[in-house]
Amino acid sequence: MILTLTLNPSLDRTIAIGALDRGAVIRAAAAHLDPGGKGVNVSRALLANAVASRAVVPFGGDEGRQLVRLLAAEGLDMVTVPVAGPTRSNVTLAEPDGTITKINEPGTALSPGELDTIAEAVLAAAHEADWVVASGSLPPEVPADVYAALCRRFAEAGILVAVDTSGPALACALGAAPALVKPNVEELAAATGMPIRCLGDVVEAAGKLRAAGARTVLASLGADGAVLVEDSGIWYGEAPVTEPRSSVGAGDAMLAGFLAAGGHGPDALAQGLTWGAAAVRLPGSRMPGPDDIDPAGVAVGPPDPVRLLTSTPPAPAPLP
Ligand SMILES: Nc1ncnc2c1ncn2[C@@H]1O[C@H](COP(=O)(O)OP(=O)(O)OP(=O)(O)O)[C@@H](O)[C@H]1O
Ligand SMILES: O=P(O)(O)OC[C@@]1(O)O[C@H](CO)[C@@H](O)[C@@H]1O
């Protein structure tokens, strides 16, 4: 069983527009609402593929009740924890050329008591888990070491923890030796202070995250695929998509596919890539099921260090 924790879940509204014209009244062509948040999406992807998973989901206000209704309608196995602050809403503006603009609300603060209740819910469910996935941003005022504390707690019990987050929460988690981290290119650049221009840079940056404490680094590179760096080797893979519709949640689908295939080695990387590619072919943050996933076309092998990434993120800010 794969247990997920999403401290800052969301209602994800995807709005299809003609073009993003700042300052104008934009008449949308269509809108769609998905339950969201990174760990929630990992559990949704696993559910869609009949892999056992349970999601720990704090929820608050009308938005939170709607989130729980949407997840219940999908049949998600979840432990819901009522909290005082309303669940956030995140908006994706989707243009016809595939450009995605995402606006994520900060979410509302969790009190120390609420955090304790959530941690108890995670600990109570974790005894059945092979992996615990701690994913997404932290709501305001939540201590940056919250995922690090989970990693330490579960390491003692021999439970593997995968962390997919950014900024100080990622930096703290590295110090607690997570079994796996899944940075995207921006997160890799920010966490290491390195510009990431080519696969060699990705491998070097992943090595820095491993030196800082992560056992395995699964770096997602958007349309450029993904790199896996673990004790037994380094692999690069890609699963090209000819007609991308929405990359929102593709990283979550990728992580779900990777963990569902055992969480290490090139075959798991290949499955992660096919799930990620399938998510990109679907609208909004819809998670792919077996009918959406096409294992053909995925290629995994050693990375060519000089191969340039097609999209290079802006240079990272200098580390403090
Ligand atoms: N345009 C694309 N074409 C093919 N595959 C893609 C594309 N975009 C994403 N992917 C696949 O999805 C994976 C995850 O993408 P990305 O690196 O954008 O994740 P992310 O930033 O964590 O996304 P999110 O936070 O929305 O889940 C990639 O490693 C790749 O396998
Ligand atoms: O603000 P965070 O927690 O970093 O990311 C939240 C989010 O963008 O991640 C998911 C896609 O990965 C979406 O469902 C959700 O809106």
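Residues numbered from 1 in each chain as written. Chains lettered and ligands numbered in written order. Predicted model: local features only at pLDDT ≥ 70, side-chain atom pairs only at ≥ 80, totals over all residues. Heavy atoms only, no water.

In the annotation of an unreviewed UniProt entry, the protein chain is listed under the name 1-phosphofructokinase and assigned to Nonomuraea polychroma. Turning to the protein chain, the UniProt annotation filed under Catalytic activity (unreviewed entry) states: "beta-D-fructose 1-phosphate + ATP = beta-D-fructose 1,6-bisphosphate + ADP + H(+)". (UniProt positions renumbered as here; feature names shortened; annotations may be inferred.)

Regarding the site of ligand 2
Around ligand 2, the surrounding shell holds 14 residues, and the nearest of these are Asp 12, Asn 90, Lys 102, Ser 137 and Asp 252. Interatomic distance of 3.0 Å between a side-chain N/O atom of Asn 104 and an oxygen atom of ligand 2. Interatomic distance of 2.6 Å between a side-chain N/O atom of Asp 252 and an oxygen atom of ligand 2. At the level of elements, strand 2 (10-16), helix 1 (38-48) and strand 6 (88-94) are the ones that each hand at least two residues to the shell around ligand 2. Of the residues belonging to the shell around ligand 2, the class tally is no nonpolar, nine polar and five charged. (Near = heavy atom within 4 Å. Polar contact = N/O pair within 3.5 Å; in protein donor to acceptor, adjacent residues only side chain to side chain. Helix = DSSP H or I, 4+ residues; strand = E, 2+ residues; numbered from the N terminus. Nonpolar A, V, L, I, M, F, W, Y, C, P; charged D, E, K, R; others polar.)

Overview of the site of ligand 1
Around ligand 1, 21 residues are found, and the nearest of them are Lys 38, Asn 184, Ser 220, Gly 222 and Gly 225. Gly 249 has a polar backbone atom sitting 2.9 Å from an oxygen atom of ligand 1. Expressed as a share of its isolated accessible area of 630 Å², the protein-covered part of ligand 1 is 85%. Put simply, the parts of the chain that give the shell around ligand 1 at least two residues each are helix 8 (250-260) and helix 9 (265-280). If you tally residues by element for the shell around ligand 1, the top one is helix 8, at four residues. The residue inventory of the shell around ligand 1, partitioned by class, reads 10 nonpolar, eight polar and three charged. (Areas by Shrake-Rupley, 256 points an atom, 1.4 Å probe, with all protein chains shown as cover.)

A look at the side chain of Thr 274
Among the secondary structure elements, Thr 274 is positioned in helix 9. When neighbours within four sequence positions are excluded, Thr 274 is seen to be in contact with Ile 293, Asp 294, Pro 295 and Val 298. (Contact = heavy atoms within 4.5 Å.)

Describing the packing of helix 3 (residues 112-126) against helix 4 (residues 146-156)
Two elements in contact, helix 3 and helix 4, have axes separated by 12 Å at closest approach and are oriented at 30°. One way to sum up the angle between helix 3 and helix 4 is to call them roughly parallel. Read as a crossing pair, helix 3 and helix 4 show a hand that is right-handed. Contacts between helix 3 and helix 4 involve Leu 115, Val 122, Leu 123 and Ala 126 on the former and, on the latter, Val 146, Leu 150, Arg 153 and Phe 154. Of the residues in the contact of helix 3 with helix 4, the class split is seven nonpolar, no polar and one charged. (Axes fitted to C-alpha atoms, helices over the stretch in contact; angles between N-to-C directions. Parallel < 35°, antiparallel > 145°, perpendicular 65-115°, else oblique. Left-handed = near helix turned anticlockwise from the far one by under 90°.)

Details of the sheet that holds strand 13 (residues 233-238)
Read from one edge of the open sheet, 10 strands run 5-4-1-8-9-10-11-12-13-14, paired in mixed fashion. Both edges of this open sheet fall to strand 5 (78-82) and strand 14 (299-301), since each of them pairs with a single strand only. Where strand 4 (residues 53-59) lies against strand 5, five bridges are found, and the strand directions are parallel. Note on strand 5: the bridge partner recorded for Phe 59 is Pro 82. Contacting strand 1 (2-5), strand 8 (131-135) and strand 9 (160-164), helix 4 crosses the sheet at an angle of about 165° to strand 9. (Pairing = 2+ DSSP bridges.)

Brief notes about the side chain of Ser 220
Mapped onto the elements, Ser 220 comes out in strand 11 (residues 216-220). When its relative accessible area of 10% is taken as the criterion, Ser 220 is described as buried. (Buried < 20%, exposed > 50% of the residue type's maximum accessible area, 1.4 Å probe, protein only.)

Regarding the packing of helix 1 against helix 8
The interhelical angle for the contact between helix 1 and helix 8, taken along N-to-C directions, is 55°, at an axis separation of 8 Å. Between helix 1 and helix 8, the angle is such that the two are oblique. In the packing of helix 1 onto helix 8, the handedness of the crossing is right-handed. Residues Lys 38, Asn 41, Val 42, Ala 45 and Leu 46 of helix 1 lie in contact with helix 8, whose contacting residues are Asp 252, Ala 253, Leu 255, Ala 256 and Ala 260. A breakdown of the residues in the contact of helix 1 with helix 8 according to their chemical character gives seven nonpolar, one polar and two charged.

Description of the pattern of salt bridges
Under the criterion given, the structure shown has eight salt bridges. When the shortest N-O distance is used, the salt bridge between Asp 34 and Arg 44 registers 3.8 Å. Separated by 10 residues along the polypeptide, Asp 34 in strand 3 (residues 30-36) and Arg 44 in helix 1 bring together distant segments of the chain. Across the pair, Arg 44 and Asp 34 agree in class, each one buried. (Salt bridge = Lys/Arg side-chain N within 4 Å of Asp/Glu carboxyl O.)

Quick look at the UniProt feature "domain: Carbohydrate kinase PfkB" (unreviewed entry) in the protein chain
The feature "domain: Carbohydrate kinase PfkB" (unreviewed entry), as annotated in UniProt, sits at residues 8-287 in this numbering. Helix makes up 39% of residues 8-287 and strand 23%, with an end-to-end C-alpha separation of 19 Å.

Thoughts on the sheet that holds strand 7 (residues 100-103)
Spatially, the four strands line up as an open sheet ordered 3-2-6-7, and their pairing is mixed. Each end of this open sheet is capped by a strand with a single partner; those strands are strand 3 and strand 7. On average, adjacent strands in this sheet sit at an angle of 20° to one another, irrespective of strand direction. Of the strand pairs in this sheet, strand 2 and strand 3 are connected by seven bridges, and their pairing is antiparallel. Residue pairing in the sheet places Asp 12 in a bridge with Asp 34 of strand 3.

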